[in-house]
Amino acid sequence: LAAELAARADLSHEPPDPFDAWTGDADVDRFRCFGYLVLRSFLEPALVADLRAELVATMLAVHGDRYYQRPTGPGMPGHYVCLLGPWAPRTVDLVDGRRLAGLAERLVGGAVLPSPVDTQGIRFAGNAGWHSDTDIRVRAVKLVAYLEPLDGSTGALRVLPGSHRLPEEALGRHLRSIERDVPDVPAQVLATEPGDVIAFDPMLWHASWGGRDRHQWTTLYVRDAVTPSWRAGLVEWFAASTSDRDALPEGYRPFDARWVADGSMDVTDRRFDQRHRWMFRFHRLGVLDAYGVAGAFGR
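The shown structure was predicted, so the numbers you read here are calculated from the model rather than taken from an experiment. (Residues numbered from 1 in each chain as written. Predicted model: local features only at pLDDT ≥ 70, side-chain atom pairs only at ≥ 80, totals over all residues. Heavy atoms only, no water.)

**Student:** In this structure, what is going on with the pairing of strand S9 (residues 197-200)? I would like to understand it.
**Tutor:** Both faces of the sheet carry side chains from a regular strand, because those side chains alternate between them. Side chains Val 197 and Ala 199 of S9 all project onto a buried face; the interleaved residues Ile 198 and Phe 200 project onto the opposite face, where all are buried too. Pairing of strand S1 (residues 36-39) with S9 involves four bridges; the strand directions are antiparallel. Its bridge partner being in S9, Leu 39 is matched across the sheet by Val 197. Pairing of strand S6 (residues 140-146) with S9 involves three bridges; the strand directions are antiparallel. Each residue of the ladder has a partner; that of Val 144, found in S9, is Ile 198. (Buried < 20%, exposed > 50% of the residue type's maximum accessible area, 1.4 Å probe, protein only. Helix = DSSP H or I, 4+ residues; strand = E, 2+ residues; numbered from the N terminus. Pairing = 2+ DSSP bridges.)

As structure tokens, this is what we get:
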């Protein structure tokens, strides 16, 4: 009882969550209310071409000839690669830049940290059942760009608007119990063209159906902790992904030591100013230690 009362007292002293505030910005309020936002023609054609070339080159370096084979297996079969490192400079520039980081800050209501494990290139094939990306208590935004035109019959993302605000265990239990195919669940289908970007909350339930072979470029920003209760979720978020790091080969892993070391550069060099702040926060949160790259920061 004492522990429960102490926990309630801590929560009562937390400031209001900015995510719950009405801003008057139509895009921000739509994202927070429905859990997603489609940004049409957000990326220029030349940048889309560069990201595609970077994704394919990394896929070939990591997967070799398997890249040309259609992914198979349970769940959401695909070929995955990390894209946040010196082997993918266009991605690094884009994730570092204010264009995406500033957008993420607006949508989630505060300063953000990038999630290297979730900055990926993926070649998908087939369907993806209804799911959310996490049940960890964080505020975050996932930014997804599909590199082929997609509609409801070829694997476009489908979302259940507002589901990011529902209890995960309740919604998931109901969806599994009705045993319906993805298209039989009433949802919003987000048809896209190359250059469009979908921003969605990782707690939002989503799926795809009728999937053609398709390439996805994606990154994710997590809001930095603004309350004691959210700090625990932030630490858990990065700790939960440490085991996935070893699944990728040396030289192509998230939290690459070279990417971390660049955050130690002279902060008067504006190219590394934001990354320096990120690395300082990662260091304070124990994330760099968890990924075995703390020594790279401060070289």
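**Student:** Which parts of the structure should I look at to understand the packing of helix H2 (residues 26-34) against helix H5 (residues 98-108)?
**Tutor:** Helix-helix packing is described using two parameters, namely the angle between the two axes and the distance between the axes. Relative orientation of the contacting elements H2 and H5 amounts to 65 degrees, with a least axis distance of 8 Å. Crossing handedness for the pair H2 and H5: right-handed. Listed contacts from H5 to Asp 27, Val 28, Phe 31 and Arg 32 of H2 are Arg 106, Leu 107 and Val 108. Tallied by class, the residues present in the contact of H2 with H5 amount to four nonpolar, no polar and three charged. (Axes fitted to C-alpha atoms, helices over the stretch in contact; angles between N-to-C directions. Left-handed = near helix turned anticlockwise from the far one by under 90°. Contact = heavy atoms within 4.5 Å. Nonpolar A, V, L, I, M, F, W, Y, C, P; charged D, E, K, R; others polar.)

**Student:** Explain the packing of aromatic side chains to me, please; I cannot follow it from the model alone.
**Tutor:** All chains considered together, the criterion is met by ten aromatic pairs. Of the aromatic side chains, those joined through ring pairs into one cluster are Phe 238, Phe 255, Trp 259, Phe 282 and Tyr 291. In this structure, Arg 99 packs its charged tip against the face of Phe 42, placed 4.6 Å from the ring centre. Over the face of the ring belonging to Tyr 67 we find Arg 123, whose NZ or CZ atom lies 5.6 Å from the ring centre. (Phe/Tyr/Trp six-rings, centres within 6.5 Å; stacked < 30°, edge-to-face > 60°. Lys NZ or Arg CZ within 6 Å of the ring centre and 35° of its normal.)

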